[in-house]
Amino acid sequence: LVTKNQPKSLLERFLNCFALQRTMNTLFSTATKPGQILCLNGIRVLSINWVVLGHTYAFVLTNLGDLAYFQELFNRKSFMIVHNGFPSVDSFFTLSGFLVTYLLLKNLTKRGAFSPLQWLTFYVHRYIRLTAPYLVAILLEGWLYRHFVSGPMAQGVMVGPASAHDMCEKYWFTDLLFRKPLAGVIGTLGA
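Residues numbered from 1 in each chain as written. Predicted model: local features only at pLDDT ≥ 70, side-chain atom pairs only at ≥ 80, totals over all residues. Heavy atoms only, no water.

Any chance you could explain the overall build of the chain here in plain terms?
In terms of regular secondary structure, the chain is built from ten helices and zero strands. Reading the helices (α) and strands (β) of the chain from amino to carboxyl end gives α-α-α-α-α-α-α-α-α-α. For the chain, with 191 residues in total, the buried portion stands at 16%. The contacts in the chain between residues at least 6 apart in sequence include a share of 51% that link residues at least 24 apart. On the chain, roughly 15,000 Å² of surface is accessible, and the fraction owed to carbon and sulfur atoms is 68%. (Helix = DSSP H or I, 4+ residues; strand = E, 2+ residues; numbered from the N terminus. Buried < 20%, exposed > 50% of the residue type's maximum accessible area, 1.4 Å probe, protein only. Contact = heavy atoms within 4.5 Å. Areas by Shrake-Rupley, 256 points an atom, 1.4 Å probe, with all protein chains shown as cover.)

What exactly am I supposed to notice about helix H7 (residues 116–148) here?
Think of an α-helix as 3.6 residues a turn; residues three or four steps apart then line up on the same face. Its 33 residues place the ends of H7 46 Å apart at the C-alpha level, agreeing with the 48 Å of an ideal helix rising 1.5 Å per residue. Along its length, H7 shows its largest kink, about 45°, at glycine 142. Listed in full, the buried residues belonging to H7 are Phe122, Arg126, Thr131, Tyr134, Ile138, Glu141 and Gly142. (Expected span 1.5 Å × (residues − 1). Bend = angle between axes of the 7 residues up to and from the residue.)

Honestly, the pattern of salt bridges in this entry has me stumped. Any pointers?
In a structure, side chains of opposite charge can pair up when their charged atoms sit close to one another. Summed over all chains, the structure comprises one salt bridge. The closest approach of N and O atoms between glutamate 72 and arginine 76, which form a salt bridge, is 3.1 Å. For glutamate 72, a relative accessible area of 42% corresponds to the partly exposed category. (Salt bridge = Lys/Arg side-chain N within 4 Å of Asp/Glu carboxyl O.)

I keep staring at the side chain of serine 88 and nothing clicks. Help me out?
In this structure, serine 88 sits in helix H6 (residues 86–111). Separated by 2.5 Å, the side chain of serine 88 and the backbone oxygen of glycine 85 make a polar contact. Setting aside residues up to four positions removed in sequence, serine 88 forms contacts with Ser47, Trp50 and Val51. (Polar contact = N/O pair within 3.5 Å; in protein donor to acceptor, adjacent residues only side chain to side chain.)

Whenever I open this one, the packing of helix H3 (residues 39–62) against H6 confuses me. Can you help?
When two helices pack together, their arrangement is given by the angle between the helix axes and by the axis-to-axis distance. At a closest axis distance of 8 Å, the pairing of H3 and H6 adopts a crossing angle of 150°. In this view, H3 runs roughly antiparallel relative to H6, as classed from their interaxial angle. As for the relative orientation of H3 and H6, their crossing is left-handed in sense. Contact residues: H3 offers Leu40, Ile43, Arg44, Ser47, Ile48, Trp50 and Val51, while H6 offers Pro87, Ser88, Val89, Ser91, Phe92, Leu95, Phe98 and Leu99. (Axes fitted to C-alpha atoms, helices over the stretch in contact; angles between N-to-C directions. Parallel < 35°, antiparallel > 145°, perpendicular 65-115°, else oblique. Left-handed = near helix turned anticlockwise from the far one by under 90°.)

Mind showing me how you'd approach the packing of H6 against H7 here?
H7 packs onto H6 with a crossing angle of 155° between their chain directions and a minimal axis gap of 13 Å. Accordingly, the angle class assigned to the pair H6 and H7 is roughly antiparallel. Considering how the two elements wind past one another, H6 and H7 form a crossing that is right-handed. On the side of H6, the interface is formed by Ser96, Val100, Leu104 and Arg111, while H7 contributes Gln118, Trp119, Phe122 and Arg126. Of the residues contributing to the contact of H6 with H7, the split by class is four nonpolar, two polar and two charged. (Nonpolar A, V, L, I, M, F, W, Y, C, P; charged D, E, K, R; others polar.)

Looking at this model, I keep getting lost on the environment of serine 91. Mind explaining?
Considering the arrangement of structural elements, one finds serine 91 in helix H6. Taking relative accessible area as the criterion, serine 91 reaches 18% and is therefore assigned buried. Measuring from C-alpha to C-alpha, the distance between serine 91 and serine 47 comes to 6.8 Å, with 44 residues separating the pair along the chain.

Got a minute to help me understand the packing of aromatic side chains in this structure?
Two numbers describe a pair of aromatic rings. These are the distance of the centres and the angle of the planes. A full pass over the atoms with the stated rule returns eight aromatic pairs. Ring geometry for tryptophan 119 and phenylalanine 122: centres 6.0 Å apart, planes at 90°, overall edge-to-face. Taken together, the positions of tryptophan 119 and phenylalanine 122, both in helix H7 and three residues apart, correspond to about one turn of that helix. We classify tryptophan 119 as partly exposed; its relative accessible area is 30%. When its relative accessible area of 19% is taken as the criterion, phenylalanine 122 is described as buried. An angle of 75° between the planes, with centres 5.2 Å apart, marks the rings of phenylalanine 122 and tyrosine 123 as edge-to-face. Taken together, the ring pairs in this structure connect Phe114, Trp119, Phe122 and Tyr123 into an aromatic cluster. (Phe/Tyr/Trp six-rings, centres within 6.5 Å; stacked < 30°, edge-to-face > 60°.)

Structure below.
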């Protein structure tokens, strides 16, 4: 029997993060917080839709057997937004850099100059936030992928001496320090 005043365990608090009833209000809330830059939400929406559109066409066109139609599609002016979708990814990097700089300058204005310990905690925090989801993606690509993928596209991804799957499995440790280019490793998730 659990009462409302009883403290929750770490596992219960973690699982509550994924509870639909708890997060529904936050997901669909239109309330803004003080200091929030509202135009960034619009840029995010446009960018993510552009990324999804580009990936959808990339997956569909790789299975398209009619190369003449593929060529015709690329020659259409209306298809240029799909074909030139690479800036949509760049906009996410730009937004990320802008937000990190904005929050850092906001903290510097509030607290004054950072001590060396505060700079160290800033960089450790950024490293953990970036590395944890990246390593989960490598885990999925390097070890779990082969157990879940089947069908006509699986052979093209999982076969060959330099397939992304094999490279992730073999060189995953180079991603811990983001030193892959210096290690001469090409073909894993980050290269």
